[in-house]
Amino acid sequence: MIEPSSSEDESETESDFSSLQPDSRGLCLPPGYQLPPGRRSSCSPRHGTSANNTVTNNSFGIAKNSKSRNSVLSNGSIPSLTSNNVHRTSGSTTKRPSSPTPSLETVKPPEKALSEEAEEEERKLRMQIYVFVLRCVAYPFNAKQPTDMARRQLKMTASQLESYKNRFSAFLRGELAIPTDEAFCNAVEHYFNVFLRSLRVEKMVKSGGASASDFREVFKKMIEKRVRSLPEIDGLSKETVLNSWLSKFDSITRGDEDGRKGASRISAAMSEMTLGKEELYNMFQQILGIKRFEHQLLYNAMQLDNADEQAAVIRRELDRRCAHAETMAKQKKLPKFLHKEMESMYLEELNSQVQMLMHNLDSLPVSRGGVESRYSLHRLKKNQKEHIARALKIVKWTHNNALLEGSDDQELTLSKNDIALSFNIEVTVIEVQNLKNLDGNKIVYCTMEVDGGEKLQTDHAEASKPVWDTQGDFQTSQPLPVIKVKLFTENTSMLSLDDKELGRIVLSIQPNFPRHQQWHNMTVVGQKGKDNTKDQLRIKLKILMDRPQNVKNCGYLFGCGKNVWKKWKKRFMVLIQVSQYTFAFCSYREKKSDPAELMQLDGFTVDYSEPQPGMEGAKFFFSAVKEGDSVYFAAENECERSAWITALVRATGQSYRPEAPSKGKSNSMLAKGDTRKSGMDEFINADVLSFNHASLFKKLQHLTLEYRLNDSYSCLGWLSPGQVFLLDEYCARYGVRGCLRHLYYQFALLDKADLGFLIDPTLLHYSFAFCASHIHGNRIDVLERCNVPDGIGTVTQEEKEKFEGVKERLRNLLEHQITHFRYCFPFGRPEGALKATVSLLERVMREEKNEVMMKDIVTPVAPDDVCKVVKKCLEAGALVNYDKISAYAQVEDDGYDGEKMCPAKRLENVIRLAELCCEVLQQNEEYHADAFSWFENVMKEHAEMFWSMFLVDMNAALEIQPPDTWDSFPLFQIINDYLRTCDSLKNGKFHTQLCDLFAPQVIRYVDLMESSVSQSIQKGFEKEKWDPHGNGCGTSEDIFWKLTALQNFITDLHWPDAEFAEHLDYRLKLLAADMVEQMVKRSVQAFEASMQKGKRDAGYVLPSDVCVMINVVVDCEDKVKLIQLHRFTMKQADKLTRVQNDNNPYHHDVPGLVEKALSGFNTLLNERFSGILENTLNSLARYDETNLLSSFFSFTTSVKSQKPGQDLALPFVTFVRTNQQRLREKVNSDDFVSDFFEVWYKRIMKQLAVWLTVRSTQLHIFQLVTLVTVVKKTYKAFLLEGLMPGDLETKDYETVKTRLKVEETTASMGENSHFLTDSINDKSDVEDD
């Protein structure tokens, strides 16, 4: 992602430590907060192993100069370092002696000492933040981990991208065993070249905004268009093809990756959704750079595993916040607000927040705690929101009024009926000893009962081995119950109803009763007054009495009070938690479920006390005192007293921590571990209200965001559920204002965006909308909480100023991203980000306009105003995109030098640049145009601006081209093919300019082609030798090639102007018509000349040049159909206003001319072949009886020939067959040959019929034999050439056949009948002689 400009410096901008001056941005440390003794030089700030924990000095405004360490600035800034608490390195009042070895530095330079001090302050600051974080994690009562957040994908790293490239390259080389086809290979090659090798994708990966899912979605979008363009295949749907290609894509991306890695990634993603306490502790240790042993010290010292201690800490914090609000109201130390009226509203908000926190805490069940609380987080009640709303309605700031007036709230008074306890008791009877007065085979068993309730019985055992180990479970509401265990033996007497009781034991127990197995002496029935100590009956019992969670402590105490327990005596006391804010201190008697007396601990302060006169029985005293009441207690040992004081301090919620009278002894319950030596006590005991929690939260949120952006997830600035939970809890617990929280977050996100990180604009929009709603007083929660009718909440001057800074920086960022949309959101990823950016820009402009016009935020901004800004950004974006594409094209050409480059190379580069421009605009239309669909024609104007800059380079390249060069036409075709398919750019400004630029060149090219064709016709046919070449002769092939090239050129132009395109089509057809006419005429002339040559007898063979002439005309006929000249009329040609030469006008019927030429060829050939038959018949006429020499010819023929009559028939038949074969082999048109054969055959039969008709007398035997042979073999020859019998058996054929039959009959009865070797009726094949 391209880094946006960050010229505007905000108040949060990090600066060098040496240039800092004290201001109000610092964080507040507790009074007396300084380095632990002995750790000033040895301690260093903790940083995580990753770069996300690295921050600059004073990243969050730690001041360089400071005031007294005991003062806290009124605006919440940090008491900074002075000469009183910083190592003095230079300028000291006491001079140090010079070093004996001046070459060695013995004094640290001031800069290094100052840096070490700053690092130490940074370490302490992070440690203090971690203390607050631990409390939020240990006992959350306001927030819970969200479960509806979008699941983030794993981040694509640079190494993974390189691995992807290698795998796809191997696939294209055929090294992967993945079945594929040509279409899929083409799609993968396009994806590899366009997407994977893109520099924009590399930047997106470096920005942390790319995931494997993004790569797959881009491939899917690329192939969807390809699959839709594929032809339909029966039985194979396109959806199936798409899924198959995606499956192959997954196979390529996985490669040889172990399947277990995928499972580990899934588990890692699931672990991100819900985190336990230990995971949260570990995460924030890395975020804040806390060592593990430091966490352990804090964990033990803060008693994070003790829910009661954490609840007590919260109660003390809330009490301090109430007192702090009262102090602020009295001293008028309030933040600066936009309006004076907001000061009273601010106090109401403070008290409302405290009341809400109290209610949240009180809504948690009091039974929370135990071992599991360390590993699980609290869940708020489902109806907690309803409880909160109801509580807020009840409060309605009568409490606030009472607070401001100094009056007390009415306390809730508890009664005995409000106290309910439930104890679980486990009694295990193990064995009995000294059972000697009973036979060994007797059956014994025990019974047990609690408080006279249900009795339970053990199994039976023999008296010789009375062992049971049987447990009985009981439940009671008495803190001091009585357990009875009796031993019985079965009475075998038939008259006895009950078993015999051998002994019993009665025990009074309490929750502190020993939990291990113990032997107890039983009272034996019937042995009263006897000393049986040595052989006394004993029973071994194990008794467990579980203490309920709401019982915080119990035991015997001596006590005496003013209002309760007025007599000093020993009582069994129980500390009971009724709710999170209500505790009762009760005394119980044995076997009683209700307390004898109780004291509600609200308002009491517990402390150690000196022994009181007249109060004996115990030595370790402590007291509980409040206005108008006091109670003294005494325990039997120091441990019991410490335990009671700890429990009571938690219950009262007092901020005062009692100190034991004996010095040197630390309260182990209040501080586990030696925290003083480790320097942790100052962080744990720091006053919460002495900190500026907004600044602390800013630091925490900043470090959390850094950690999040550098983890393994493509988060786009969104925090994980665990991080959101912690920050929510921190804000709610420590009163961080929501607007400040989001303002700090926006500044942090904008800083990261300036550094190149990819931030989700939806996240920015959500945060910005929250702040805007707060600034304008339209937050619903503000309205409900403050009940302000005009909708104005409290807005501080700081919030207003920061909001203005965010708004300015945000608009600059958004305009930059829209300008660089191709590089900020490559290939439309993240999905919908560009559209969200435009939406956020509209929201920011709405805020600016409403602020100027003093309108409400719900008033929308005019669409034209947003459109103007977007249009301006896209105009600048066109320049950015073209500059980068142009630079990229120059980088690909290593020897690029625009001034020294030859024209051909310059044109080649412009063509390459045009291809890149078309690809860029196509990608913009495919991936980015949807984001600007709200604004009409902005993308069209962006493209026109883009092409206008290309037009400059194109004109510069075309100007240096030599005249009459046609290498620039591919440039036109590339651009025109893209523009004509783009509806928004078709026939647009650039398209029109392009056509106007190339139209003269097209006309010039067509003119030169016409001239070339004319010269080829004139000179080519003059030198033509009519040798076969292709479909015709050499001249015709050259002319038709030029015609085809011209036609393809005009077709490939796809000229957008219909009139000019029609003009080109007309010129092409005119040229073709003229060309065909000239070739046909030249061919006819040559054909006629050739027909005058050659022999006239049966030995004539059709020359090959005649066949070539026929082929030329046939080829002209085919080209006429291809160019559709049969639709071309003279009327259409007249539209061109072409000046025609009267001596050589264009032919108005080219197809008719071709047809006439072919018909003429047919006629000339038939005339020539008919002449040969005529000569044969003339030779046969010598045997006519009317001829005087007929007898002589008959005699000579009979003497010379063994088969009379064949000497004339066979040469003619050979002539027919030879020329038939010649035509079939040499002429390319089967239609022409078939038509010619049909006409030729009919003409032969016509000639024979006429010849026979003229001779009415009987034929000579030689004539008869010759005609029979000619007729039969001719019939067969044409039948073999494909003529149908119906076409062959014409009327003339039947006439000839009938006459020959008659002649055969007559001749068979004469003396020359032996010459009749064949008959006209014979259907068998005739052998060729």
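Residues numbered from 1 in each chain as written. Predicted model: local features only at pLDDT ≥ 70, side-chain atom pairs only at ≥ 80, totals over all residues. Heavy atoms only, no water.

Novice: Quick question: what am I supposed to make of the pairing of strand β2 (residues 443-450) here?
Specialist: Moving residue by residue along a regular strand, the side chains alternate between the two faces of the sheet. Of all eight residues making up β2, seven are buried, and the element is well covered by its neighbours. In terms of strand pairing, β2 meets strand β4 (residues 461-462) through two bridges, oriented antiparallel. Bridge pairing in β4 places I443 opposite E462. As judged from the seven bridges shared by β2 and strand β6 (residues 482-489), these two strands associate in the antiparallel manner. (Buried < 20%, exposed > 50% of the residue type's maximum accessible area, 1.4 Å probe, protein only. Helix = DSSP H or I, 4+ residues; strand = E, 2+ residues; numbered from the N terminus. Pairing = 2+ DSSP bridges.)

Novice: What am I meant to see in the pattern of salt bridges here?
Specialist: Considering all chains together, one arrives at 49 salt bridges under this definition. Note that E343 is salt-bridged to K340, the shortest N-O span being 3.1 Å. Overall, E343 belongs to the partly exposed group, its relative accessible area being 21%. Between R708 and D711 there is a salt bridge whose closest N-O contact spans 3.1 Å. Considered together, R708 and D711 belong to a single accessibility category, that of buried residues. Residues joined in a network through salt bridges with shared partners are E309, R316, R650 and R657. (Salt bridge = Lys/Arg side-chain N within 4 Å of Asp/Glu carboxyl O.)

Novice: Please explain the environment of D546 as it appears in this structure.
Specialist: With respect to the helices and strands, the residue D546 is situated in strand β10 (residues 538-546). Residues D546 and P511, spaced 35 residues apart in sequence, show a C-alpha to C-alpha distance of 6.2 Å. Sequence-distant contacts of D546, defined by excluding residues within four places in its chain, comprise F423, N424 and R515. Side chain to side chain, D546 and R515 meet in a polar contact 3.4 Å long. (Contact = heavy atoms within 4.5 Å. Polar contact = N/O pair within 3.5 Å; in protein donor to acceptor, adjacent residues only side chain to side chain.)

Novice: Help me out: how do you make sense of the packing of helix α26 (residues 903-928) against helix α27 (residues 938-959) in this one?
Specialist: Between two packed helices, what matters for the description is the angle formed by their axes and the separation of those axes. Relative orientation of the contacting elements α26 and α27 amounts to 175°, with a least axis distance of 10 Å. In terms of orientation, α26 lies roughly antiparallel with respect to α27. Together, R906, L907, V910, L913, A914, C917, C918, V920, L921 and N924 of α26 and M939, H942, A943, F946, W947, F950, D953, M954, A956, A957 and L958 of α27 make up the contact between the two elements. In the contact of α26 with α27, the residues fall into 17 nonpolar, two polar and two charged. (Axes fitted to C-alpha atoms, helices over the stretch in contact; angles between N-to-C directions. Parallel < 35°, antiparallel > 145°, perpendicular 65-115°, else oblique. Nonpolar A, V, L, I, M, F, W, Y, C, P; charged D, E, K, R; others polar.)

Novice: Before we go on, may I ask you to explain the sheet that holds strand β14 (residues 597-600) in this structure?
Specialist: Where strands meet in a sheet, backbone hydrogen bonds hold them as pairs that are either parallel or antiparallel. Spatial strand order, β14-β13-β12-β11-β17-β16-β15: seven strands in an open sheet with antiparallel pairing. Among the strands making up the open sheet, the edge pair consists of β14 and β15 (605-609). With direction set aside, neighbouring strand axes in the sheet form an average angle of 35°. Against the sheet, helix α14 (residues 638-652) touches β11 (551-561), β12 (569-579), β13 (582-588), β15, β16 (620-626) and β17 (629-635), its axis set at about 160° to β15.

Novice: Help me understand the sheet that holds strand β5 (residues 467-476), please; the structure alone is not making it clear to me.
Specialist: The strand order across the open sheet built from four strands is β5-β1-β10-β8, with neighbouring strands paired in antiparallel fashion. The strands lining the two open edges of the sheet, one partner per strand, are β5 and β8 (518-521). Mean inter-strand twist for the sheet, computed between neighbouring axes without regard to direction, equals 30°. Where β8 lies against β10, four bridges are found, and the strand directions are antiparallel.

Novice: What exactly am I supposed to notice about a negative patch on the surface here?
Specialist: Taken together, the side chains of D996, D1057, E1059 and E1062 present a region of like negative charge at the surface. Tracing the sequence through the fold places E1059 in helix α31 (residues 1058-1091). The class for E1059 is exposed, based on a relative accessible area of 64%. (Patch = residues over 30% accessible without salt bridge, like charges linked within 9 Å, V, L, I, M, F, W, Y side chains within 5 Å. Areas by Shrake-Rupley, 256 points an atom, 1.4 Å probe, with all protein chains shown as cover. Lys, Arg positive; Asp, Glu negative; His and termini not counted. Charge placed at Lys NZ, Arg CZ, Asp CG, Glu CD.)

Novice: How should I be thinking about the nonpolar core in this particular structure?
Specialist: In terms of nonpolar packing, the biggest core is built from 129 residues, with W947, F950, M954, L971 and I975 touching the most fellow members. For this core, the leading source of residues is α31, giving 13 residues. Aside from chain neighbours lying at most four places away, what touches M954 is V910, L971, I975, L994, L997 and F998. Judged by nonpolar contacts, the second largest core, of 104 residues, contains L134, I290, L709 and L810. (Core = buried A, V, L, I, M, F, W, Y, C linked by side-chain atoms within 4.5 Å.)

Novice: Whenever I open this one, unusual backbone geometry confuses me. Can you help?
Specialist: Negative phi is the rule for most residues except glycine; trans is the rule for most peptide bonds. The residue after R829, namely P830, is reached through a cis peptide bond having omega -10°. Within the secondary structure, P830 is located in the loop between α23 (821-824) and α24 (833-853). Unusually for a residue other than glycine, Q303 sits at a positive phi of about 50°. Position of Q303 relative to the elements: it lies in the loop between α9 (292-301) and α10 (307-331). On the accessibility criterion, Q303 (2% relative accessible area) is buried. Even without a glycine there, the phi angle at N987 is positive, about 60°. Examined against the element boundaries, N987 turns out to sit in the loop between α28 (969-981) and α29 (989-1022). Of the residues examined, N987 reaches a relative accessible area of 48% and is grouped as partly exposed.

Novice: I'm lost on the side chain of Q600 in this one. Help?
Specialist: Assignment of secondary structure puts Q600 in strand β14. Accessibility expressed as a relative area gives 14% for Q600, which makes it buried. Here the side chain of Q600 touches D602 through a polar contact of 2.7 Å, side chain to side chain.

Novice: It is not clear to me how the side chain of E317 should be interpreted in this structure. Could you clarify?
Specialist: Its place among the elements puts E317 in helix α10. E317 gets classed as buried once you look at its relative accessible area, which sits at 10%.

Novice: Could you clarify how one ought to interpret helix α1 (residues 110-138) in this entry?
Specialist: An α-helical turn contains 3.6 residues, so any two residues separated by three or four positions project in the same direction. The end-to-end C-alpha distance of α1 is 42 Å, a good match for the 42 Å that 29 residues give at a rise of 1.5 Å each. In terms of burial, α1 is a largely internal element, 22 of the 29 residues being buried. (Expected span 1.5 Å × (residues − 1).)

Novice: Help me out: how do you make sense of the packing of aromatic side chains in this one?
Specialist: Aromatic ring pairs are defined here through the distance separating the ring centres and the angle between the ring planes. Applying the stated rule across the entire model yields 61 aromatic pairs. Measuring from ring centre to ring centre gives 5.1 Å for F195 and F215, while their planes differ by 85°; the resulting arrangement is edge-to-face. You can see F195 sitting in helix α3 (residues 182-196) and its partner F215 sitting in helix α5 (residues 212-229), a full 20 residues away along the chain. Its relative accessible area of 0% is what places F215 among the buried residues. Seen from their ring centres, F1169 and W1240 are 4.6 Å apart, and the 40° between their planes marks the pair as tilted. With F1169 in helix α34 (residues 1150-1180) and W1240 in helix α37 (residues 1230-1254), this residue pair connects regions lying 71 residues apart in the sequence. The same class applies to F1169 and to W1240, which are both buried. Here R200 stacks its cationic end above the ring of F827, 4.5 Å away from the centre of that ring. Here the basic side chain of K570 rests over the ring of Y556, its NZ or CZ set 5.2 Å away from the ring centre. (Phe/Tyr/Trp six-rings, centres within 6.5 Å; stacked < 30°, edge-to-face > 60°. Lys NZ or Arg CZ within 6 Å of the ring centre and 35° of its normal.)

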